Amino acid sequence: MASEPAKIRPGKNARSISVVTPTYYRRDEIDQLLDSLSGQTVRPLELIIVDGAPVSEQATERLVASRSSALPFRCRYIRQSGGTAIQRNAGIDIAQGDFVSFIDDDISLEPDFFEQILLAYELDKDQRVGGIAGYITNQHLDPNKSPRWRWYRRLHLFTTYEPGRYDYRTGYPINRYLQPPHAGIRTIDFMGSNCAVWRREVFASGLRFSPFFSDYGVLEDAHLALRAGRDWTLWECGLARCVHHRSPKGRVSKRRLAWKTAVNYRYVFVDIVPQRNWKQELRFWSVQAVDLLRLCAHAFRSREKGDWPAVLGKVEGILAAMRLKKAGPAVPIGSTSADSAPVSEGTICSS
């Protein structure tokens, strides 16, 4: 149940925020993000843009250089390949703020987004809250209108349906956006990395995104949050709102994405719940089977050839996930994007 936050304002000594944003061939999205951050009532100390594009792609770097002098915060541009998880790690390593915020390049923040996050942190008198997620207003999913979630309930696949909780008995995170928009604070088990603010201390022990999640990210943020949650409480702040524009640029194929929904989910389950019984295993594979049947049914109904690669990817992913007995490999089975070049720093801009 979401609780109403107190009506306070950030203190005079409100601490600084480093924003880390991975990007890949998204010059226009970065342009819009700079505008969004510039319009914050509480501006960040710095923005660290981590570009995964090759050096030959100069559009984003040139944009940052051209706008740097007019920005009301410091902007650091670096290059790091390997996918969003690896890119965010590179940003964490050089962040200088008291808080580290992960904001995706296709997110538009409400003007008081950071103000609301800091207000929520002020309620944490014992400093036990390690991360606070905002709420993406255009991603609410009504479970009563979603055929997928109606079937999940009919089949009793999960042992909890509370948004933002991780079902440790099944191995699945319950979609945080099943929770309608609200104006309070909720305790959650995991959060995305597209609109979240973390205490710097969470990363002081060396916690980072797992290098298992190379190339396009799927569930790497939930994995990080679940590991952080062993020592810290996590909140969702309903008043810290934003919009996700879901840029089509830099995304993977339907086949690859479906593969990841099997392999990556399995990796998280094996790592977070290393001791599992046969009932837990049965529940996990039952969800995978239902999702495969759902993809097949959709492909048959649509009669579109473009839907069948997702079915193939899901089958390939399930077979690969069956071979994943423990969370050991640094790179997912079948990955073709494991290379991770050293960080190179480009433009550094100060306000």
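Residues numbered from 1 in each chain as written. Predicted model: local features only at pLDDT ≥ 70, side-chain atom pairs only at ≥ 80, totals over all residues. Heavy atoms only, no water.

Caption draft 1: Quick look at the overall build of the chain. Helices and strands together make up the secondary structure of the chain, namely 9 helices and 12 strands. Buried residues in the chain amount to 52% of all 351 residues. The long-range share in the chain, meaning contacts at least 24 apart out of those at least 6 apart in sequence, stands at 80%. About 15,900 Å² of surface is accessible on the chain, with carbon and sulfur atoms providing 53% of the total. (Helix = DSSP H or I, 4+ residues; strand = E, 2+ residues; numbered from the N terminus. Buried < 20%, exposed > 50% of the residue type's maximum accessible area, 1.4 Å probe, protein only. Contact = heavy atoms within 4.5 Å. Areas by Shrake-Rupley, 256 points an atom, 1.4 Å probe, with all protein chains shown as cover.)

Caption draft 2: Examining the packing of aromatic side chains more closely. For the structure shown, the criterion picks out 21 aromatic pairs. When the centroid spacing of 6.0 Å and the interplanar angle of 55° are considered together, the rings of Trp 198 and Phe 203 count as tilted. Across this residue pair, the class does not change: Trp 198 and Phe 203 are buried. Seen from their ring centres, Phe 212 and Phe 213 are 5.4 Å apart, and the 80° between their planes marks the pair as edge-to-face. Grouped by ring-pair contacts, the aromatic residues Trp 149, Tyr 152, Phe 158, Tyr 161, Tyr 172, Tyr 265, Phe 269, Phe 284 and Trp 285 constitute a single cluster. Above the face of the Trp 151 ring, Arg 154 is positioned so that its terminal group lies 4.9 Å from the ring centre. When the ring centre of Phe 284 is taken as reference, the NZ or CZ atom of Arg 266 above it lies at 5.2 Å. (Phe/Tyr/Trp six-rings, centres within 6.5 Å; stacked < 30°, edge-to-face > 60°. Lys NZ or Arg CZ within 6 Å of the ring centre and 35° of its normal.)

Caption draft 3: Expanded view of the nonpolar core. Phe 102, Tyr 152, Phe 158, Met 191, Trp 198 and Phe 203 are the most contacted members of the largest nonpolar core, which has 54 residues in total. In terms of residues, this core owes the most to one element, helix 7 (residues 254–272), which gives 7 residues. Among the nonpolar cores identified, the runner-up in size contains 36 residues, and Val 19, Val 64, Phe 73 and Leu 109 belong to it. (Core = buried A, V, L, I, M, F, W, Y, C linked by side-chain atoms within 4.5 Å.)

Caption draft 4: Looking closely at the environment of Val 290. With respect to the element layout, Val 290 can be found in helix 8 (residues 278–302). Remark: the alpha-carbon pair of Val 290 and Leu 157, spanning 133 residues in sequence, is separated by 9.3 Å. With near-sequence residues (within four places) excluded, Val 290 lies in contact with Tyr 152, Leu 155 and Leu 157.

Caption draft 5: Looking closely at the environment of Gln 80. Here Gln 80 shows up in the loop between strand 3 (74–79) and helix 3 (84–94). Judged by relative accessible area, Gln 80 falls into the buried class, the value being 6%. Spatially, the C-alpha atoms of Gln 80 and Ile 49 are 9.9 Å apart, while their sequence positions differ by 31 residues.

Caption draft 6: The pattern of salt bridges, seen in detail. In this structure the tally under the stated criterion is 28 salt bridges. Note that Arg 88 and Asp 104 form a salt bridge whose closest N and O atoms lie 3.1 Å from each other. Of this pair, Arg 88 sits in helix 3 while Asp 104 sits in the loop between strand 4 (99–103) and strand 5 (107–109), and the two are 16 residues apart along the sequence. Take Arg 88 and Asp 104: they sit in the same class, and that class is buried. Asp 106 is the partner of Arg 251 in a salt bridge, and the nearest nitrogen-oxygen pair spans 3.5 Å. Within this pair, whereas Arg 251 is found in the loop between strand 11 (233–244) and helix 7, its partner Asp 106 is found in the loop between strand 4 and strand 5, the two being separated by 145 residues in sequence. The exposure class of Arg 251 is partly exposed, given its relative accessible area of 30%. Judged by relative accessible area, Asp 106 falls into the buried class, the value being 3%. Linked by salt bridges that have partners in common, Arg 26, Asp 105, Asp 106 and Arg 251 make up one network. (Salt bridge = Lys/Arg side-chain N within 4 Å of Asp/Glu carboxyl O.)

Caption draft 7: Here's a closer look at the packing of helix 8 against helix 9 (residues 308–322). Running from N to C, helix 8 and helix 9 point in directions that differ by 165°, and their axes come no closer than 8 Å. When the axis of helix 8 is compared with that of helix 9, the two are roughly antiparallel. Along this stretch, helix 8 crosses helix 9, giving a crossing that reads as left-handed. Contact residues: helix 8 offers Trp 285, Gln 288, Asp 291, Leu 292, Leu 295, Cys 296, Ala 299 and Phe 300, while helix 9 offers Trp 308, Ala 310, Val 311, Lys 314, Val 315, Ile 318, Ala 321 and Met 322. Within the contact of helix 8 with helix 9, the residues separate by chemical class into 13 nonpolar, 1 polar and 2 charged. (Axes fitted to C-alpha atoms, helices over the stretch in contact; angles between N-to-C directions. Parallel < 35°, antiparallel > 145°, perpendicular 65-115°, else oblique. Left-handed = near helix turned anticlockwise from the far one by under 90°. Nonpolar A, V, L, I, M, F, W, Y, C, P; charged D, E, K, R; others polar.)

Caption draft 8: Representation of a nonpolar patch on the surface in the model. A surface patch of nonpolar side chains, amounting to about 250 Å² of accessible area, comprises Val 315, Leu 319 and Met 322. Secondary-structure assignment places Leu 319 in helix 9. The partly exposed category is assigned to Leu 319, whose relative accessible area is 48%. (Patch = residues over 30% accessible without salt bridge, like charges linked within 9 Å, V, L, I, M, F, W, Y side chains within 5 Å.)

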